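Structural overview
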Amino acid sequence: MENLEKARSPETTSRSVNRERGKVAAAEAVKFRRFLKINVDDFLECYPAEKIAKDKKYVEATEKNIGKNSDSEVNLTQKLANDFENFFVFGVVTGDWLGSKEVNGVTAAAGATSKYDDYKHRLDAFSVLHYESERDHKNYSIAIGTDVTISGSHKTIMDKFERPHNESGLELPFGFSKLDYYTNGKVHKEMPLTPRYIIGISNYDVNDINETVATDHTGAKMFRLATAKNFINRFKVLSEMYAENQLYLARLPEERETPELKSAYNKLKIMDKKLGDALYAATKHLSLSKWPKRVHEEDYSDKNAFISAMEEAVREDSLSYFEENRAERLKKDAQDNSEPDDSHTDTYVQIMDCIKELKGEKTK
């Protein structure tokens, strides 16, 4: 596939060219089966039929309970979250959001999880990163999961960090969940130790995305990734994931004597490198998109300072956007219905502040 990192430079390509390249990237992703789909009936060779039947009943019962407690506002929120989930998967598969061969040696596939893993293990989507080891030059892969949100509630985000799954008796290292139904497009199996990343942008960000969505001849959504707004969204997602990965590493015990802890550490170290390189590439790309104009790599001593400066600029912009939208909402509703003891802010800002809080750092 053509180097999309270069192809999408906003200073050198037009909107129509970007749109055409997006279609080509999507077609190639389909061709090489990088869009992953889960069908639990494909796992009959892995699990007894009784387990699959039981898991289906769990999904039915959960959805029935959700239906009893839903309202129009909840349904709209869920729709926007689903839109963001689809947007993220599209970005991973066709836009090299988790990296590329050139950026960090990665080729990624992604898809939505089974409803069972969504409800039981709090994973909305999963990705598979294929890469060649620098140590022995053999091919490896690592699976990760994402919990997608558009909530700006402090309580909601902290609950996502502190309750990574809903399976009674399951104890895993901090930051991990599991996938009962995993596939890389070839094999079908359980993935018992899956790094779990909470990713989010606010509802108004998703609305902005949806305003530019096109559909192809099959009715499938085509997201315009090569816009300044979506360069920001890509940066937000990678910034969240990288910060969370560092949090998970810090929360692992120093003495990693069990195979599970050793495996968790190895996975997080791999992701530290892959996410760090992908975030740096996204930061450079955003700096060239003419937003924000005040962040230029040459003004900073190293890449970490450059990334930190971009995070601060994105934070300021996100807070400003949040306040504008809240003021507009209050004009219509004339009241703020949020709980007094549950602070709300922009989703990206809330996630990053919760990470700092969990690391024992001060938040602004």
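Structure first, text after, so check above.
Residues numbered from 1 in each chain as written. Predicted model: local features only at pLDDT ≥ 70, side-chain atom pairs only at ≥ 80, totals over all residues. Heavy atoms only, no water.

Remarks on the overall build of the chain
Rules: Counting from the N terminus, the helices are the DSSP runs of H or I reaching at least four residues and the strands are the DSSP runs of E reaching at least two. The buried label applies to any residue whose accessible area, calculated with a 1.4 Å probe on protein chains only, is under 20% of its type's maximum; exposed applies above 50%, and partly exposed to all values in between. A contact between two residues is defined here by any heavy atoms of the two lying within 4.5 Å.
Scanning the chain from N- to C-terminus turns up 12 helices and seven strands. By residue count, 48% of the 364 residues in the chain fall in the buried class. Pairs at least 24 apart in sequence give 69% of the contacts found in the chain among residues at least 6 apart.

Overview of the sheet that holds strand 5 (residues 188-200)
Spelled out, the test is: The criterion for strand pairing is that DSSP finds at least two bridges linking the strands in question. Helix axes use the C-alpha atoms of the stretch in contact, all axes being lines fitted to C-alpha atoms, and the angles between their N-to-C directions lie in the range 0 to 180 degrees.
What the five strands build is an open sheet, ordered 1-2-3-5-4; its pairing is mixed. Two strands in the sheet have a free side with no partner beyond their single neighbour: strand 1 (106-112) and strand 4 (176-183). The sheet shows a mean angle of 35 degrees between the axes of neighbouring strands, direction not considered. The pairing of strand 1 with strand 2 (residues 125-132) spans seven bridges and is antiparallel. Note on strand 2: the bridge partner recorded for A110 is S127. Across the sheet, helix 7 (residues 154-162) is in contact with strand 3 (139-149) and strand 5; its angle to strand 3 comes to roughly 150 degrees. Those strands touched by helix 12 (residues 347-358) are strand 3 and strand 5, and its axis lies near 110 degrees from that of strand 5.

With respect to unusual backbone geometry
The omega torsion of the bond from W291 to P292 falls at -20 degrees, within 30 degrees of zero and hence cis. On the secondary structure map, P292 appears in the loop between helix 10 (259-287) and helix 11 (303-333). Despite not being glycine, D96 has its phi angle at roughly 55 degrees, a positive value. Within the element layout of this structure, D96 appears in the loop between helix 4 (72-95) and helix 5 (101-104).

Digging into the pattern of salt bridges
Working definition: two side chains of opposite charge can pair if their charged atoms are close together. The criterion, for reference: Salt bridge, as used here, is a side-chain nitrogen of Lys or Arg placed within 4 Å of a carboxyl oxygen of Asp or Glu.
Counted under the stated rule, the structure contains 22 salt bridges. A salt bridge links D41 to K56, with the nearest nitrogen and oxygen atoms 2.8 Å apart. In this pair, D41 is assigned in the loop between helix 2 (15-31) and helix 3 (49-68) and K56 in helix 3, connecting sequence segments 15 residues apart. For R135, the salt bridge identified is with D136, shortest N-O distance 3.8 Å. The exposure class of R135 is exposed, given its relative accessible area of 68%. A network of salt bridges, in which partner residues are shared, links K51, D55, K178, D180 and E190.

Brief notes about the pairing of strand 2
Extensive coverage of strand 2 is indicated by the burial of six of its eight residues. Pairing geometry for strand 2 and strand 3, over eight bridges, is antiparallel. By the bridge assignment, H130 is partnered in strand 3 with S141. A loop of six residues connects strand 2 with strand 3, the two strands running antiparallel in sequence, and H137 in this loop sits at a positive phi of about 60 degrees.

Topic: the side chain of E244
Here is the rule: In this tally Asp and Glu are treated as negative and Lys and Arg as positive; neither His nor the chain ends contributes. Pairs of N or O atoms within 3.5 Å make up the polar contacts considered here, provided that, within protein, one atom can donate a hydrogen while the other can accept it, and that residues adjacent in sequence are counted only when both atoms are side-chain atoms.
Turning to its location among the elements, E244 is positioned in helix 9 (residues 228-251). This buried residue, E244, is left without a salt bridge; R196 holds the nearest opposite charge, at 7.2 Å. There is a polar contact of 2.7 Å between the side chain of E244 and the backbone nitrogen of I198. For E244, the contacting residues outside a window of four places in its chain are F161, R196, Y197, I198, I351 and I355.

Brief notes about the packing of aromatic side chains
Convention followed: Stacked, tilted and edge-to-face are the three classes assigned to paired rings of Phe, Tyr and Trp, where Trp is represented by its six-membered ring and a pair needs centres within 6.5 Å; plane angles under 30 degrees give stacked, over 60 edge-to-face, the rest tilted. Put simply, a charge is over a ring when the Lys NZ or the Arg CZ is close to the ring centre, within 6 Å, and near the line of the ring normal, within 35 degrees.
The final tally for this structure, using the stated rule, is 17 aromatic pairs. Here the aromatic cluster, defined as three or more aromatic residues joined through ring pairs, consists of F35, F84, F87, F90, W97 and F223. Between the NZ or CZ atom of K120 and the centre of the ring of Y58, over which it lies, the distance is 4.3 Å.

Comments concerning the packing of helix 10 against helix 11
How we decide: Put simply, angles under 35 degrees are roughly parallel, angles over 145 are roughly antiparallel, angles from 65 to 115 are roughly perpendicular, and the rest are oblique. For any helix crossing, the convention is left-handed if the near helix is rotated counterclockwise from the far helix by under a right angle, and right-handed if that rotation is clockwise.
Close contact between helix 10 and helix 11 brings their axes to 10 Å; oriented N to C, the two are set at 60 degrees. Looking at the two axes, helix 10 sits oblique to helix 11. Remark: the crossing between helix 10 and helix 11 carries left-handed chirality. Contacts between helix 10 and helix 11 involve D277, L279, Y280, T283, K284, L286 and S287 from the first element and K303, F306, I307, M310 and V314 from the second.

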